[in-house]
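Read off the chains here:
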Amino acid sequence: MSFYFVIIGTKDNPLYEAEFGTWKQGGDGVARFRDEQRHLNQFIAHSSLDLLEELQWAGTGGSMYLKCIERFAGTAGGGSGGVVGVAGGVNGAGAGGVWVSVFLTAGNIKFVLLHDTRADEPIRQFFYDVYELYTKTLMNPFYSVDMEVRSAVFDGRVRAGVKKYL
Amino acid sequence: MILSLLILNKAGGLVYHRDFSNTFTKLSSNDYLVLAGTFHGVHAITARLSPFGPSSGGTPSSGLEVMESEHFRMQCFQTLTGTKFLLFTEPQQPNVDVILRRIYELYADYVMKNPFYQIEMPIRCEAFDRHLMAYIKPKQ
Amino acid sequence: MSATKAARMGEEVWKTRIDKVNAELVTLTYGSIVAQLCKDYEGDYLEVNKQLDKMGYNIGLRLIEDYLAKTAPQRCVNFRETAEMIARVGFKIFLNITPTVANWTSDNKQFSLVFEENPLGDFVELPDDGRAQNELWYSNLLCGVLRGALEMVQMQVDAHFVSDTLRGNETTEMRVSLVRYIDDELPQSED
């Protein structure tokens, strides 16, 4: 199992991206994407933003936290997330099914995770973990919203989160 | 019964003066400045006059602290920063120490913490006046 | 006053006579001051250090009266006692931390304050433009505060940081040295 994780800012600009492989079932933590898949990952992540925005504003009363869970057939993406299934690659590239999970923060920052197998609960925990790390980054006076996250400490902790949950 | 309060800065200049009672004749404002300067000098002299030298704790003797007469009592509290608080009361007023401590706390809060107050300059802080009156009035 | 008595007094004043405020508010406010200074001086971190020291100096001039009003202490007999009071009472009532006093010189005129925790620097990571790590002393305001406060009680001191965990050092340490006692203005002197 391989994952592609990206944090996207309020202006649709990527703030942080990383690739991981699973640590479970004897995985060694190294992502194995086919070469074409790499480019597709970024494309898929961005295209899912459209769908996410639709959902974001379609919710009633501004409470989009729990609504998303109900909308999708039997899938739960966590408190303020939604799971969007995108079957296959684009332009008939023939890639296998790639699932896109998204977590939307109150500050309109999107955490997007691409994965090839569904795993709602661990992903939800992972997202919340990263959310905590992100809020700590916001506390840094030298970091402003929509800035790239370059901290090695942040990177290390995200990877530790992957190890723990995915 | 508390009669009046004077606050002197490090150089001996009068920065605050307030009367709390009408039972005595007031001096002119210039006279108060002279009074403050005179007291500052007297305080300095009396600090050196003590025949005993430093007390057992090794602290040097301070200047004039209390002056009593039939009609009034004057107590001086000098902070470690050199500011002097002079409180004039009737001779039988109890707890003058406590009152002076509280006035110092009000000074530290409403005068020093006001960023627009220039240190060593006359005190024109409305909050300090208000809190001071609110503290002193019930005691009259 | 002995060190343990000072510690107890600091604890007691902290518990009973101090209004509390949210720590993160303090951290964020201080952080925005430093960040804004860095932006305004366009990366001239030495100038930022100077400005922080100046701001701290002005705070210290006023803060000392608050300290004296709340703790009503006796005048410190020597510089060693001053150091203990600063660490165990001063820092305790204003920041709720107790730095350790260490590294005294033989003439008892210099000491170090070693900070195990620094609430001003929580969550902070210095910008990695190569120079901040070597030039900026993030908590330099504290040096100014000590300088201003001690000047009001007739001590001229020099205070500066020598190491900072935000820079990657092992400890956060401030060196304080007594330059001289200022006793020409005040007639109260040792006889």
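That block above? That's the structure.
Numbering of residues starts from 1 in each chain and follows the order in which that chain's sequence is written. Starting at A for chains and at 1 for ligands, labels are handed out in the order in which the entities are written. At least 70 in pLDDT is required for a residue's local features to be given in this predicted model, at least 80 for side-chain atom pairs to be given and counted, and no such filter applies to totals for whole chains, interfaces and linings, which use all residues. Working from all heavy atoms in the structure, the side-chain values ignore hydrogens and water.

Caption draft 1: Region of interest: the overall build of chain B. Segments assigned H or I by DSSP are reported as helices when at least four residues long, segments assigned E as strands when at least two residues long, and all are numbered from the N terminus. The number of helices and strands found in chain B is three helices and five strands. When the elements of chain B are put in sequence order from the N terminus, they spell out β-β-α-β-β-β-α-α. All radius of gyration figures rest on C-alpha atoms, and the globule criterion is 2.2 Å times the number of residues raised to 0.38. In terms of overall dimensions, chain B is globule-like: its C-alpha atoms have a radius of gyration of 15 Å, near the 14 Å expected for 140 residues. With the C-alpha coordinates of chain B rotated into their principal frame, the extents come out at 40 × 40 × 30 Å. Expressed as a percentage of its 140 residues, the buried residues of chain B come to 41%. Throughout, a contact is declared for two residues whenever any of their heavy atoms are within 4.5 Å. Expressed as a percentage of contacts within chain B between residues at least 6 apart in sequence, the contacts between residues at least 24 apart total 45%. Accessible surface area values rest on a Shrake-Rupley calculation with a 1.4 Å probe, where residue burial reflects the displayed protein chains alone. As presented, chain B carries roughly 7500 Å² of accessible surface, and 57% of it is formed by carbon and sulfur atoms. Summary of the burial criterion: residues with accessible area below 20% of their type's maximum are buried, those above 50% are exposed, and those between are partly exposed, where the area comes from a 1.4 Å probe applied to protein chains only.

Caption draft 2: Structural view of the side chain of C:Thr82. Residues and elements named next belong to chain C. The topology assignment puts Thr-82 in helix 4 (residues 79-95). For Thr-82, a relative accessible area of 5% corresponds to the buried category. Residues within four places of Thr-82 in sequence aside, it is in contact with Cys-76, Leu-150 and Met-155.

Caption draft 3: Spatial organisation of the sheet that holds strand 4 (residues 73-78) of chain B. All names here are of chain B. Here, any two strands with at least 2 DSSP bridges between them count as paired. If you trace the five strands from one edge of the open sheet to the other, you get 2-1-5-4-3, paired in antiparallel fashion. In this open sheet, the two edge strands, each paired with only one partner strand, are strand 2 (14-19) and strand 3 (66-68). Across the sheet, the mean angle from the axis of one strand to that of its neighbour is 10°, orientation sign disregarded. When strand 1 (residues 2-8) meets strand 2, the two strands line up antiparallel, connected through five bridges. Looking across to strand 2, one finds that Ser-4 is bridged to Asp-19. In this fold helix 1 (residues 29-49) packs onto strand 1, strand 2, strand 4 and strand 5 (84-89), with an angle of close to 115° to the strand it touches most, strand 2. To obtain an axis, a line is fitted to C-alpha atoms, over the contacting stretch when the element is a helix, and the angle between two such axes runs from 0 to 180 degrees between their N-to-C directions.

Caption draft 4: Region of interest: the packing of helix 2 (residues 23-40) of chain C against helix 3 (residues 45-71) of chain C. All names here are of chain C. Packing of helix 2 against helix 3 leaves a shortest axis separation of 9 Å and a crossing angle of 135°. As judged from the angle between their axes, helix 2 and helix 3 are oblique. Taken as a pair, helix 2 and helix 3 cross one another with a handedness that is right-handed. Contacts between helix 2 and helix 3 involve Tyr-30, Ile-33, Val-34, Leu-37 and Cys-38 on the former and, on the latter, Tyr-45, Val-48, Gln-51, Leu-52 and Met-55. Classification convention: Asp, Glu, Lys, Arg as charged; Ala, Val, Leu, Ile, Met, Phe, Trp, Tyr, Cys, Pro as nonpolar; all other residues, Gly among them, as polar. Along the lines of polarity and charge, the residues of the contact of helix 2 with helix 3 split into nine nonpolar, one polar and no charged. In this scheme, roughly parallel covers angles under 35 degrees and roughly antiparallel covers those over 145, while 65 to 115 is roughly perpendicular and the rest are oblique. A crossing counts as left-handed when the near helix is turned anticlockwise from the far one by less than a right angle, and as right-handed when that turn is clockwise.

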